[in-house]
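Reading the structure
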Amino acid sequence: MSYVFEIRNPINRSEYNESVNVAYEIFKNSNKRSNFTKYFVEKNYKNIFIVLNKKSNKVIGFAFYVIRDLRIYKIKTKIAFISSICILKKYRNMRLSLQLINKCNEELQKKNVIFSAVIASRKLDYFYNKLNFWGVSSFPQVCLIAKFFTKSEHNIKNSICINYKDIMNVNKIYSKVYSNINGYFKRNNNYWNYIINKCKLEKLFFIKFTIRKKIIGYAIFDTANIYEMATLDQKYYQEILNLIFLKIRKNKVNFQTNYYHQINKNIADFDTYYSFRKINFGGHLIKIINKELFSYIFKNKISNFNFHNKSQKEIIEKFFNSEIINDKIKYTKSPKFFYINYLDQI
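Presented here is an overview of the structure given in this document. None of these values were measured; they are calculated from a predicted model.

Some points on helix 3 (residues 167–178)
With twelve residues, helix 3 should cover 16 Å at 1.5 Å per step; its first-to-last C-alpha distance of 16 Å lies within 8% of that length. Every buried residue of helix 3 is listed here: I167, V170, N171, I173, Y174, V177 and Y178. The buried residues of helix 3 occupy an angular sector of 165 degrees when projected down its axis, which confines them to one face. Every exposed residue of helix 3 that faces more than 90 degrees away from the buried side is listed here: M168 and K172.

A short note on the nonpolar core
Grouped together as the largest cluster of nonpolar side chains are 88 residues, with contacts concentrated most on F115, L144, Y178, F206, Y218 and M229. Membership of the second largest hydrophobic core comes to 25 residues, among which are I7, Y91, L98 and I289.

A look at the packing of helix 3 against helix 4 (residues 189–202)
Where helix 3 contacts helix 4, the axes come no closer than 10 Å and their chain directions differ by 95 degrees. As summarised for this structure, helix 3 and helix 4 are arranged roughly perpendicular, according to the angle between their axes. Side by side, helix 3 and helix 4 meet where I167, V170, N171 and Y174 of the first sit next to N189, W192, N193 and I196 of the second.

So, the packing of aromatic side chains
Evaluated as defined, the whole model comprises 31 aromatic pairs. With a centroid separation of 4.9 Å and 65 degrees between ring planes, the pair formed by F40 and Y194 is classed as edge-to-face. Taken as a pair, F40 in the loop between helix 1 (13–26) and strand 2 (48–53) and Y194 in helix 4 lie far apart in primary sequence, 154 residues in all. Assessed through its relative accessible area of 8%, F40 is described here as buried. Above the plane of the ring of W192 lies R187, whose end atom (NZ or CZ) is 4.8 Å from the centre. Over the aromatic face of Y342 sits the side chain of K198, whose NZ or CZ is 4.3 Å from the ring centroid.

Quick notes on the rules
Residues numbered from 1 in each chain as written. Predicted model: local features only at pLDDT ≥ 70, side-chain atom pairs only at ≥ 80, totals over all residues. Heavy atoms only, no water. Helix = DSSP H or I, 4+ residues; strand = E, 2+ residues; numbered from the N terminus. Expected span 1.5 Å × (residues − 1). Buried < 20%, exposed > 50% of the residue type's maximum accessible area, 1.4 Å probe, protein only. Arc of directions from axis to C-beta. Core = buried A, V, L, I, M, F, W, Y, C linked by side-chain atoms within 4.5 Å. Axes fitted to C-alpha atoms, helices over the stretch in contact; angles between N-to-C directions. Parallel < 35°, antiparallel > 145°, perpendicular 65-115°, else oblique. Contact = heavy atoms within 4.5 Å. Phe/Tyr/Trp six-rings, centres within 6.5 Å; stacked < 30°, edge-to-face > 60°. Lys NZ or Arg CZ within 6 Å of the ring centre and 35° of its normal.

Printed below as a string of C-alpha cells:
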C-alpha cells in the first residue's frame, strides 16, 4: 500500500489534540503521558510538527521542540530540545522520524539556535548517531553516606511541597548556585510549574527549607537520589542533608551533580564517592545545527581547534569534553564536563 504524508504544524485545536493523543498512546507507559505539552506549546502551535496521512487525514506522528537559554563555559547561548518524537507503529521504518527531526532543525536554524538536543531512552541507543546527534553528558554523581547526624544549629524547618507562590524565591536560590555549573539553564515561572508537575507525576519530593518562614533552600529527591539542591548559604547544607536522610529513612543517597557544585565544600560529616560516565551513543545527545553561529559565539574558546575539517562527532566530543577550551582546567576529581540536569531534560 502506498501512502502520502505531509509534515507541518497543526492548523487548529482539533489537530493539536489529535497529535497529543498519538503521543499519549505511544508513551502511555512512560512519564510523557501527562499533559506536559501545555507548558511549552507556542502560539499557533509553531513549535509542534505532525505527520499527516493525506489519504485518511489522520495524524500518525508527532514531535515538538522547546528553545531554552543555556550557559556553556559561562557563555550564553540557545539550545532546543526536540521531544516526544513518535510515529504510530503501523507507519514506522519509513524514515518519518528523520523527516520530523529535520523539519524541527530547519525551523530552529531560522531562529538562530546553535544546538538541538534529544534525550534518548536505552532502546534508542545508537539510533540518533545516524542523524549526527552525539552524547555529551557525563552523568556525574556524588555518593553521600552519613557517618552520624549533626545537631541542628539553625532550627531549619521543611515543608512537604513547594507551592506556586514559592517559585520566585526558589528560582533565585537555584540561579545563585547552579549558574556556576557548566550546563546551567535559565528557568521562568512556566518552567518551574512544569517541574512541579513532573515531580508529582514521578513521585519526587520537592521540599523547601525555611528559617522563621523564610525560604533558605530547597531540594528535589527520591529515596535513592537527590536531583537538585541549593541554599542561600553554604552553612545550611549539612542540616538540610540530615533532614533529607530522615525523610527517606536511609543513610546513603546519590546526588546527581559534579565536583563544581558548592556542596562539595560542605560535606565533612559524610563519606563521599565521586563517579561519572561518558557515552556518545545514547543519553543526552546534541547536534550543532548552525556551525557559523557556533564558531562566531565561541570563537575565543575554540581558537586552537580547526573544526572546519572535522565531523560533528569530533567537534561535539572535543567541545563538550573541555579538551579544546583555552581555560586551564585541572583533570583531578572530576573534569569540568558539560551535563544536563535531570530536571532540565524535556
